[in-house]
Amino acid sequence: KRAKDALFQATVHDTSAVVAIHSAEALYKMGYKSSLAIILGKLKSKEEDIVLLALEKIEILNDKKSIADLKKLIQVRKEKSILNRAGKIIKILNGEIKNKDIVSSRAKVDDARRMLSKGNLLKARELVEEAIILDSTNPHAYYILGSIYTKKKETQERATSEYRKAESLGYPYQGDLYIDLGSLYLDKGDNLNALEYLKKGALIKKSAKGYYQLAAV
């Protein structure tokens, strides 16, 4: 009960939209279906990263009550990442895309992430490629591929391509993505693109890594 009360407090009083979204997701999974309204409300945010995080949770919760809000979102936003992700979710909710494949792809990505953290790049790549077969629009899969390809100098160009795919498909953790992309451009000597992405990443993430890399441009 204490955990539930804390989650309710977070959705109402926490000034962080990110915390509110995660808390609302947890409440929904505990059976409090009305918390979906909190996540749907974040679709009105002016910040692209907040909208993408809300879309991520809407896809996971797979509740058809989201369709009307998603259709409204598509009418008022212009960002490719938001339009791609929202359009995909509508197709899932309408049964045009098999949700079973989406869930399986998500599980493969989780396994790949664990392999990557252990330094097993070969297995991580194998799992993420299986994830893409199941769902070719899974932004997390391309982000992990990008992370794998950054490990070797000769595949850094491929890493940039994979990160850009993740961006266009609506990867929700934009701060991390932009800092990684900016760092890649910096390594290649492309200071113009490095500056653009590191600025965007530092603004969202407010991390020491982002500001340190920005100072290096």
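Everything that follows concerns the structure shown earlier in this document.
Small disclaimer: the values here were computed from a predicted structure and weren't measured.

Asks: Teacher, can you tell me more about the overall build of the protein chain here?
Replies: When helices and strands are counted, the protein chain shows 13 helices and zero strands. From first element to last, N terminus to C terminus, the protein chain shows the α and β order α-α-α-α-α-α-α-α-α-α-α-α-α. Within the protein chain, the proportion of its 217 residues that are buried is 46%. The long-range fraction of contacts in the protein chain, counting pairs at least 24 apart against all pairs at least 6 apart in sequence, stands at 54%. On the protein chain, roughly 11,500 Å² of surface is accessible, and the fraction owed to carbon and sulfur atoms is 54%.

Asks: Is there a simple way to explain the environment of Asn120 in this structure?
Replies: Relative to the elements of secondary structure, Asn120 occurs in the loop between α7 (99-117) and α8 (121-134). Since its relative accessible area comes to 33%, Asn120 is described here as partly exposed. For Asn120 and Ile148, which are 28 residues apart along the polypeptide, the C-alpha to C-alpha distance reads 9.7 Å.

Asks: Explain the side chain of Arg85 to me, please; I cannot follow it from the model alone.
Replies: Relative to the assigned elements, Arg85 resides in helix α6 (residues 80-93). Since its relative accessible area comes to 2%, Arg85 is described here as buried. At 2.7 Å, the side chain of Arg85 and the side chain of Glu56 are in polar contact. Once residues lying within four places of it in the same chain are set aside, the contact partners of Arg85 are Leu55, Glu56, Glu59, Pro139, Leu169, Gly170 and Pro172.

Asks: How do you make sense of the pattern of salt bridges when you look at a structure like this?
Replies: Proximity of charged atoms lets side chains of opposite charge pair with each other. For the structure on display, the rule yields 17 salt bridges. One connected set of salt bridges, linked through shared partners, spans Glu56, Glu59, Arg85, Lys88, Arg106 and Asp135.

Definitions and cut-offs
- Residues numbered from 1 in each chain as written.
- Predicted model: local features only at pLDDT ≥ 70, side-chain atom pairs only at ≥ 80, totals over all residues.
- Heavy atoms only, no water.
- Helix = DSSP H or I, 4+ residues; strand = E, 2+ residues; numbered from the N terminus.
- Buried < 20%, exposed > 50% of the residue type's maximum accessible area, 1.4 Å probe, protein only.
- Contact = heavy atoms within 4.5 Å.
- Areas by Shrake-Rupley, 256 points an atom, 1.4 Å probe, with all protein chains shown as cover.
- Polar contact = N/O pair within 3.5 Å; in protein donor to acceptor, adjacent residues only side chain to side chain.
- Salt bridge = Lys/Arg side-chain N within 4 Å of Asp/Glu carboxyl O.

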